[in-house]
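# Structural overview for review
Spelled out from the first residue to the last, the chains are:
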Amino acid sequence: MKSFALRTSRKEEMLDITEAVQRIVDESSIEDGLCCVFVPHTTAAVTINENADPSVKEDILSAATRLVPENWDYKHLEGNAHAHIKASLFGSSVLVPVVRRRLLLGTWQGIFFCEFDGPRSRTVSVKVLKG
Ligand code: ZN
C-alpha cells in the first residue's frame, strides 16, 4: 500500500489525481491487475469522470449541492452533515484495471479526489494488486 498527501484549497473541489496514481502503478512491479484507490476520510471521496472539459467537475459539484444542500434539518451538529452525505454518495474507493502497467481508463476519464469540507490536508491510499 502506498499513500500520498494532498492539500485542498477550496471548500469543495475535485482534484485530478490520475498522474499520481499512475506513478504508483509505474513504481509497482505489477504488469496486469487491479488498482484500488482509497480515500480514508468521511467528508471526502474519490470518483472517476471526465477530465477533458473542466466544467464537468463544476457541474458535478453544483448538482451534488442541489441534491444535498448545505443547510437542512441535519442532526449532525458539526455543521458538515452535507459533506458526510456527499462523501457516502460518491464513495471512498475506486477500482481500475491495470493492463501492461497502465491504468485502463477511457480516453476522457480521470480519477478525481473530491473534497467536500475543505480546505484540509488529505491522504490518498493506493494498492496495486496482481491478477
Ligand atoms: Zn462531521
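We now turn to the structure provided with this report. As the structure is a computational prediction, the values presented were derived from the model and not from experiment.

Take the nonpolar core next. One finds I17, V37 and I111 to be the most contacted residues of the largest nonpolar core, which totals 23 residues. Sorting the residues of this core by element identifies β1 (2-7), α1 (18-27), β3 (33-38), β4 (44-50), β5 (93-99), β7 (109-115) and β8 (121-130) as the ones contributing at least two each. Considering every element that reaches this core, the biggest residue donor is α1, with four residues. Membership of the second largest hydrophobic core comes to eight residues, among which are A45, A83, F112 and F116.

Here we come to the sheet that holds β1. Ordered in space as β1-β8-β3-β5-β6, the five strands form an open sheet in which the pairing is antiparallel. The sheet is open, and its two borders are formed by β1 and β6 (102-103), each paired with just one other strand.

Let us look at helix α3 (residues 81-90). Looking only at α3, the buried set comprises A81, H82, A83, K86 and A87. Here the buried face of α3 lies against β4 and α2 (55-67).

Here we take up unusual backbone geometry. At the junction of G118 and P119, the peptide bond is cis and its omega measures out at -5 degrees in the coordinates. Of note in this structure, R100 is not a glycine but carries a positive phi near 50 degrees. R100 gets classed as exposed once you look at its relative accessible area, which sits at 65%.

Criteria and cut-off values
Residues numbered from 1 in each chain as written. Predicted model: local features only at pLDDT ≥ 70, side-chain atom pairs only at ≥ 80, totals over all residues. Heavy atoms only, no water. Core = buried A, V, L, I, M, F, W, Y, C linked by side-chain atoms within 4.5 Å. Buried < 20%, exposed > 50% of the residue type's maximum accessible area, 1.4 Å probe, protein only. Helix = DSSP H or I, 4+ residues; strand = E, 2+ residues; numbered from the N terminus. Pairing = 2+ DSSP bridges. Contact = heavy atoms within 4.5 Å.

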